[in-house]
Amino acid sequence: MPGTPSQAENPRDGSARDGSARAENPRDGSARDQTARDGNPRDASARDGSPRDQTARDENPRDGRSGPEDPAAETPRIATSRAGAPQTGRPARHREGDTGQGEPSQARAPQAPPPWDELVTTALLGTDRRALPDALLTPPGKEAPVALLDAAAEQTVRRRAGLRPAAAAALPEPAADDPRPPVPPAARRRLATLLTDQPGTGGGGRRGAAPDLMELLPQWLALANARGYGAPPELLPALLNAARGRTDLRPQALTFAGPRALWLARLNPDWKFALRSAPGGGMALPPPEETAKVRQLWEEGLFAERVALLTTLRAHDAEAARELLATTWPTERAEDRLMFLDSLRTGLSAADEPFLEQALTDRSRNVRSTAAELLSALPESALAGRMASRAASYVAVDHVASVPTLMVEAPHACDAGMERDGVVPKPPTGRGERSWWLGQLVEAAPLTAWPARLGNRTPAEIVALPVADGWRDELHAAWCRAAVRQRDAVWSRALLGTPASPDAAGPGAVSLAERSKLLAALPADERSEWVAGFIAAHGLSEAFQLLAVCTVPWTGPLGQAVVDALNIARDAGSYPWSFSGVMGLAERCLDPSEAVRLEALTAIPDEPENASPGAGGYWAEAFQRLVTTLRLRAAIRDELPPPT
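Computed from a prediction, not measured in an experiment: that's the story for all the values here.

Asker: If you had to explain the overall build of the protein chain to someone new, which residues and values would you point to?
Answerer: When helices and strands are counted, the protein chain shows 32 helices and four strands. Out of the 644 residues belonging to the protein chain, those deemed buried represent 41%. When contacts within the protein chain are restricted to residue pairs at least 6 apart in sequence, long-range pairs at least 24 apart make up 64% of them. With an accessible surface of roughly 35,500 Å², the protein chain has 54% of that area assigned to carbon and sulfur atoms.

See below:
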């Protein structure tokens, strides 16, 4: 029989204590109370008057007691919750936050904050597409974006504060001293401006009249390096960051930065490019005189170190470098052999021919091709002689015709000997086999062999001869490649022709790109004079590629030809955007002394009737920017005088 209500409600009552004890005692022989099985012997139901203990005794078939006579007690699997609602199944377990006083506490156990990666993912997707956990949306009604930012701020503080202190690392070795003199104060301030300021722009995509300072940085670095100055230490981080984003800046920037750049690059992964650009990855190479250390590094060093070592040794002692390469040549990988063979371009001479002839039988086609290219650059080599004999058998002068004409009979097959000497048998897509083989033979043949073969004519006379059966373009293009490879100025002049020739492509070159390569074989002054004559005859529309190979700053005649052509285009009302590339080159290459003569072109001109709308304003703006840039370059030159 259950006890009286007063006894059931009293936590110190004997009957309640007795039931509780039996439930808590595993040796009692009776089944444990459900509360004990749930892991909490002090369930709040024993304190708040719930008859769960008595019910458990009535349910237990091993207790030896009969069930209660009260019909209400005959439903042992239904309990009454604290709120009075029926509760089915086993008695409820004790939950965290339950105070045991009849009502659950509002306090909840703290939940782990969401991982940082989850917050980042939610921020990327947006809170509309990825819901936040309910725990972050407190107090109720808090907007999801605000809750996300609050959680990110809290997590940031937690991540920073949660770092455990580690053992102090050893201090890095001091950077090597830079013996070069520092730049003058005015130049240092100018460099800081070039590294931080951005080019000015106008509305509607217009550049405006402000100079592009970032385009002046390469010239500043080139001049500072030419004068022998060292970089200010406080500007090295900004300089390395600029070089990281612009690969064209890296050679000049790393030269100017000096040994401190390598020291900083070892401490910051963002500047690793400085180590890759330095010989040997920034590692110290043994001097060429220490042969034992050189051989040890060659046999045990990393690939980058070996390439740097071979390149350095080749510049110091070409024969020693070739002999060092020969010691391990048979055991090198094909891709490594190709890189090592390329280093022989420096100081290439007839002494390298036996080694290169051996490389013609290499297993790798790329190695064979490179060896053949190097041998063809040696006019007295055996390969050059073989190629000259082959090419001469396919090109001859037809003296029967009324006008001497070059006759071409392209090869019908590519034999094993041709393949061994570097002729690639399979042509590119869209190219005929016979013309492909002929071009390779003529390109590899020494140009000095053609005058004797073709009636003792000069290169200019040979280029002027008509070519039968439409082979002119193919033959002249091969001669152009040969002149560029062999750096032959006489043949380059002949293939270029006169700058005022009606055909802008010239008598021998079939494109302006080929002409620009031929110009590179001429002396700098002759190159500039030729381009100036070309601009005077053909204008600027086709001169952009040719101007790119001229030395900086442009010579007086070339600069005057460019300015005159720009003025003619301005007066004609042409689109100024068509000349933006040439104008950009003028800003970097025109002599700063031309600023005085250009001052008169900064005014807005009277537009002719057929002029493009607004062209006058654009031209005035472009010339203002050009003048401002030239004056800025003059100031840079004055701020970097030769050190005393």
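Asker: Run through the pattern of salt bridges, naming residues and quoting values.
Answerer: Enumeration according to the criterion identifies 33 salt bridges in this entry. The salt bridge involving aspartate 248 is made with arginine 246; its shortest N-O contact spans 2.8 Å. The partner of aspartate 564 in a salt bridge is arginine 597, with the nearest N and O atoms 3.6 Å apart. With aspartate 564 in helix α29 (residues 556-571) and arginine 597 in helix α31 (residues 595-598), the pair connects residues that are 33 residues apart, well separated along the chain. Connected via shared salt-bridge partners are Glu357, Arg386, Arg390, Arg420 and Asp421.

Asker: So what about the environment of glutamate 542? Which residues, and what values?
Answerer: Following the sequence through the fold, glutamate 542 ends up in the loop between α27 (524-538) and α28 (544-547). Sequence separation between glutamate 542 and leucine 512 is 30 residues, and the spatial gap between their C-alpha atoms is 7.8 Å.

Asker: Can you explain the packing of aromatic side chains? Please cite residues and give values.
Answerer: In this structure the tally under the stated criterion is nine aromatic pairs. Ring centres of tryptophan 450 and tryptophan 479 lie 5.7 Å apart, and the angle between their planes is 80°; this geometry places the pair in the edge-to-face category. Of the two residues, tryptophan 450 sits in helix α22 (residues 450-453) while tryptophan 479 sits in helix α24 (residues 472-486), which places them 29 residues apart along the sequence. Exposure class is identical for tryptophan 450 and tryptophan 479. Each is buried. Ring centres 5.4 Å apart and planes at 50° place the aromatic pair tryptophan 479 and tryptophan 491 in the tilted group. Taken together, the residues span a long stretch of sequence, with tryptophan 479 in helix α24 and tryptophan 491 in helix α25 (residues 489-496) at a distance of 12 residues. Judged by its relative accessible area of 0%, tryptophan 479 is buried. Judged by relative accessible area, which is 2%, tryptophan 491 ranks as buried.

Asker: Can you explain α25? Please cite residues and give values.
Answerer: Most of α25 is tucked away: six of the eight residues are buried. Ala489, Trp491, Ser492, Ala494, Leu495 and Leu496 are the residues of α25 that are buried. Each element contacted by the buried residues of α25 is listed here: α22, α23 (459-464), α24, α26 (512-519) and α27. Capping the start of α25, aspartate 488 holds a side-chain oxygen 3.1 Å from the backbone nitrogen of valine 490, two or three residues further along. Looking one or two residues beyond α25, the residue adopting positive phi is glycine 497, at roughly 75°.

Asker: Hey, could you go over the state of the cysteines for me, with residue numbers and the actual values?
Answerer: Applying the stated rule across the entire model yields zero disulfides. Among the cysteines around cysteine 550, which has no disulfide bond, cysteine 589 carries the closest sulfur, lying 8.7 Å off.

Asker: Hey, could you go over the side chain of asparagine 225 for me, with residue numbers and the actual values?
Answerer: When you line up the elements, asparagine 225 lands in helix α8 (residues 213-227). On the accessibility criterion, asparagine 225 (18% relative accessible area) is buried. Those residues within four positions of asparagine 225 in sequence are excluded, and the remaining contacts are Arg180, Gln252, Thr255 and Phe256.

Asker: I'd like to hear about unusual backbone geometry, residue by residue, with values.
Answerer: Note the cis peptide between valine 552 and proline 553, where omega equals -5°. Mapped onto the secondary structure, proline 553 falls in the loop between α28 and α29. Positive phi, normally seen in glycine, also occurs at asparagine 456, with a value near 55°. Inspection of the secondary structure puts asparagine 456 in the loop between α22 and α23. In this structure, aspartate 469 takes a positive phi of about 60° despite not being glycine. Turning to its location among the elements, aspartate 469 is positioned in the loop between α23 and α24.

So, how was this worked out
- Residues numbered from 1 in each chain as written.
- Predicted model: local features only at pLDDT ≥ 70, side-chain atom pairs only at ≥ 80, totals over all residues.
- Heavy atoms only, no water.
- Helix = DSSP H or I, 4+ residues; strand = E, 2+ residues; numbered from the N terminus.
- Buried < 20%, exposed > 50% of the residue type's maximum accessible area, 1.4 Å probe, protein only.
- Contact = heavy atoms within 4.5 Å.
- Areas by Shrake-Rupley, 256 points an atom, 1.4 Å probe, with all protein chains shown as cover.
- Salt bridge = Lys/Arg side-chain N within 4 Å of Asp/Glu carboxyl O.
- Phe/Tyr/Trp six-rings, centres within 6.5 Å; stacked < 30°, edge-to-face > 60°.
- Polar contact = N/O pair within 3.5 Å; in protein donor to acceptor, adjacent residues only side chain to side chain.
- Disulfide = S-S within 2.5 Å.

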